[in-house]
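So the chains spell out like this:
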Amino acid sequence: MTQSQVRVRIAPSPTGAPHVGTAYIGLFNYVFARVHGGQCVIRIEDTDQARSERRYEEDILRSLRWVGLAWDGPYRQSERLPVYREHVQQLLDSGAAYRCWCTPERLEAVRQQQRQDKAPMRYDGHCRYLTEAEAKAHGDQPSVVRLKVPEDGSTVVHDAFRDPITIEHGQIDDQVLLKSDGYPTYHLANVVDDHVMEISHVIRAEEWISSTPKHLMLYHAFGWAPPVFMHMPLLRNADRSKISKRKNPVSLRYYERQGYLPEALLNFLALMGWSMPDEREVFTLAEMIESFSFDRISLGGPVFDLQKLEWLNGMYIRQLSPAALSERLLENARAKSRLLDDNAYVDAITPLLQERLRTLGDFQDMAAFFYDTPLAYDKALLLPKGRNPREAVKVLTEVAEVLTRHAGPWQDAELEASVRAYVEGAKWPGRDLFMTLRTAVTGRTASPPLFATMQVLGRDLCLSRLEDAVALLQK
């Protein structure tokens, strides 16, 4: 393998908070590139316009820098639409794809019939078999473009870590490649970008193995040689399920807030499915690069063990000099109290507390939760009578998702409307839910009006505190 052959990519989607899984896959791409003197690029896969936001992109890039990774880029798929449309036209011209005018109503009717018949859920090929005259009759009606999957035969997936995997074409749907809004789906954009950007090795999570046959069909349709596929084992919860925020904190920002050292977290992620030749567990990124080989990958499903991470973090803390540790502690303290000198922030807090103040000295205690991060929770206060931690985790996670999707102004009335809309479909009484939410965002059962308080705290702090409360309930 020559140095010029290796080019890999980190490809996050900016649809939520930066995920530990992105850092995990990013680490192995980065290390592999460094070992072979190659390049590692970052590509923002933001073609899901309904969920992608620039603030998530900024969070992801900042968190990946914090953890210690570097790259070339970023490239954004939303800025490359003409490239995808040009390649879709090539597929249409060659007969490897076709336009589909099926309405959402027709597709839902097909799915209902398939459910009733207990048949595989897939597109029924209606538009695939239209005559040229029938297709022309649709004129300029909105359409998508679908991949024309061969009706017979199979595709063999060659993965660097596994035996060949054969997928029968009868199991593969005619995947949408270009949506009616002109944006590509993941499958098309992924393949086109990997080819155009000369990606030599695709290192990604094993959940994408099932999509790889579609990608190989696209490479074949374009007449391109595919890259080497290397599917990493998924991070797992203790019960061996795929890691999820309902069972483990998954946001990189959570670990930064909690005082984990980035080099310790990176070391921990390196141990997820890989080991050093001498089996030692504490090593630097430079030492990993020096000793790295994919021959030492284990596909057993690494468990994301928070106790192991805490142990490892403690080892790194004890390795620091007193002066270096003091500097880290000050950085962490400054990050937590960055609002103390913000006059505008104090001006926003004051009206919420004015009716409760007896002396000026009362302000410090009453306003403490506006500044303290993370909060010191009493776990029992997060649980209404008759509720258990699992139920509270579910509710707080769903409320966090509602607030994450909240597109209007971060104002008390709009926030209350969004949460009350959720309450209508929840199985919790509003009073219980609001008390749990209040405790999660303030650490107290009594505070100024909940949604006015959330307005002042701001989106990021509210969401991070919900994440902290969920993490506590999971212990």
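Fair warning: this is a prediction, and the values are worked out from it, not measured in the lab.

## Points about the environment of Leu 271
No. 1: Structurally, Leu 271 is set in the loop between helix H9 (262-270) and helix H10 (285-291).
No. 2: With relative accessibility at 17%, the residue Leu 271 sits in the buried group.
No. 3: Separated by eleven residues in the primary sequence, Leu 271 and Val 282 have C-alpha atoms spaced 9.3 Å apart.

## What about the packing of aromatic side chains?
Each aromatic ring pair is specified by the distance between its two centres and by the angle formed by the two planes.
No. 1: Tallying each qualifying case throughout the model produces 19 aromatic pairs.
No. 2: Ring geometry for Tyr 345 versus Phe 370: centroids 6.5 Å apart, planes at 80°, classification edge-to-face. With Tyr 345 in helix H13 (residues 343-353) and Phe 370 in helix H15 (residues 368-371), this residue pair connects regions lying 25 residues apart in the sequence.
No. 3: Looking at Phe 370, the relative accessible area reads 0%, which means it is buried.
No. 4: A connected cluster of aromatic rings, assembled from ring pairs, spans Tyr 24, Phe 28, Phe 32, Phe 161, Trp 274, Phe 283, Phe 292 and Phe 294.
No. 5: Sitting over the ring of Tyr 56, Arg 55 keeps its end group 4.3 Å from the ring centre.

## Things to note about the environment of Arg 420
No. 1: With respect to the helices and strands, Arg 420 occurs in helix H17 (residues 412-425).
No. 2: Judged by relative accessible area, which is 42%, Arg 420 ranks as partly exposed.
No. 3: Spatially, the C-alpha atom of Arg 420 lies 7.8 Å from that of Gly 430, the residues being ten residues apart in sequence.

## Topic: the UniProt feature "domain: Glutamyl/glutaminyl-tRNA synthetase class Ib catalytic" (unreviewed entry) in the protein chain
No. 1: The sites that UniProt annotates as "domain: Glutamyl/glutaminyl-tRNA synthetase class Ib catalytic" (unreviewed entry) are residues 5-311.
No. 2: Split by type, residues 5-311 is 37% helix and 14% strand. Its first and last C-alpha atoms lie 39 Å apart.

## Notes on the nonpolar core
It is characteristic of soluble globular proteins that their nonpolar side chains tend to be buried jointly.
No. 1: Leu 27, Phe 28, Met 232, Leu 265, Met 288 and Phe 294 are the most contacted members of the largest nonpolar core, which has 58 residues in total.
No. 2: If you look at the next biggest cluster of nonpolar residues, it comprises 44 residues, including Val 399, Val 402, Val 423 and Leu 466.

## Describing the pairing of strand E1 (residues 7-10)
Regular strands place side chains that alternate from one sheet face to the opposite one.
No. 1: Across the two faces of E1 the burial is the same, with Arg 7 and Arg 9 and Val 8 and Ile 10 all buried.
No. 2: Handedness of the β-α-β unit built from E1, helix H1 (residues 20-35) and strand E2 (residues 39-44) comes out right-handed.

## Here's the deal with the packing of H1 against H9
No. 1: One way to put it is that H1 packs onto H9 with a least axis distance of 9 Å and a crossing angle of 75°. In this view, H1 runs roughly perpendicular relative to H9, as classed from their interaxial angle. Contact residues: Val 20, Ala 23, Tyr 24, Leu 27 and Phe 28 in H1; Leu 266, Leu 269 and Ala 270 in H9.

## A look at the pattern of salt bridges
No. 1: One pass over the structure, following the stated rule, counts 32 salt bridges.
No. 2: Here Asp 59 and Arg 253 are joined by a salt bridge, their closest N and O atoms 3.3 Å apart. With Asp 59 in helix H2 (residues 54-67) and Arg 253 in helix H8 (residues 252-257), the pair connects residues that are 194 residues apart, well separated along the chain. Across the pair, Arg 253 and Asp 59 agree in class, each one buried.
No. 3: What you see here is one network of salt bridges that share partners, running through Arg 9, Arg 43, Glu 45, Arg 80, Asp 193 and Asp 194.

## Considering the sheet that holds E2
No. 1: Taking strand neighbours across the sheet as the criterion, the three strands line up as E1-E2-E3 in an open arrangement whose pairing is parallel. Each end of this open sheet is capped by a strand with a single partner; those strands are E1 and strand E3 (72-76). Across the sheet, the mean angle from the axis of one strand to that of its neighbour is 30°, orientation sign disregarded.
No. 2: Bridge analysis of E2 against E3 gives three bridges, and the strand direction is parallel. Bridge pairing in E3 links Ile 44 to Arg 76.
No. 3: Contacting E1 and E2, H1 runs over the sheet at an angle of about 165° to E1.

## Description of the environment of Leu 27
No. 1: Within the secondary structure layout, Leu 27 lies in helix H1.
No. 2: Once the C-alpha coordinates of Leu 27 and Ala 270 are considered, the two residues, 243 residues apart in sequence, prove to be 7.4 Å apart.

## Regarding the sheet that holds strand E8 (residues 176-178)
No. 1: The three strands lie next to each other as E4-E5-E8, forming an open sheet whose pairing is antiparallel. Strands with a single pairing partner mark the edges of an open sheet, and in this sheet they are strand E4 (97-100) and E8. Strand-to-strand twist in this sheet, taken as the mean axis angle between neighbours without regard to direction, amounts to 45°.
No. 2: Two elements, strand E5 (residues 144-147) and E8, share two bridges in a ladder whose sense is antiparallel. Bridge pairing links Val 145 to Leu 178 in E8.

About the thresholds
- Residues numbered from 1 in each chain as written.
- Predicted model: local features only at pLDDT ≥ 70, side-chain atom pairs only at ≥ 80, totals over all residues.
- Heavy atoms only, no water.
- Helix = DSSP H or I, 4+ residues; strand = E, 2+ residues; numbered from the N terminus.
- Buried < 20%, exposed > 50% of the residue type's maximum accessible area, 1.4 Å probe, protein only.
- Phe/Tyr/Trp six-rings, centres within 6.5 Å; stacked < 30°, edge-to-face > 60°.
- Lys NZ or Arg CZ within 6 Å of the ring centre and 35° of its normal.
- UniProt positions renumbered as here; feature names shortened; annotations may be inferred.
- Core = buried A, V, L, I, M, F, W, Y, C linked by side-chain atoms within 4.5 Å.
- Right-handed = clockwise from strand over helix to strand, strands pointing away.
- Axes fitted to C-alpha atoms, helices over the stretch in contact; angles between N-to-C directions.
- Parallel < 35°, antiparallel > 145°, perpendicular 65-115°, else oblique.
- Contact = heavy atoms within 4.5 Å.
- Salt bridge = Lys/Arg side-chain N within 4 Å of Asp/Glu carboxyl O.
- Pairing = 2+ DSSP bridges.

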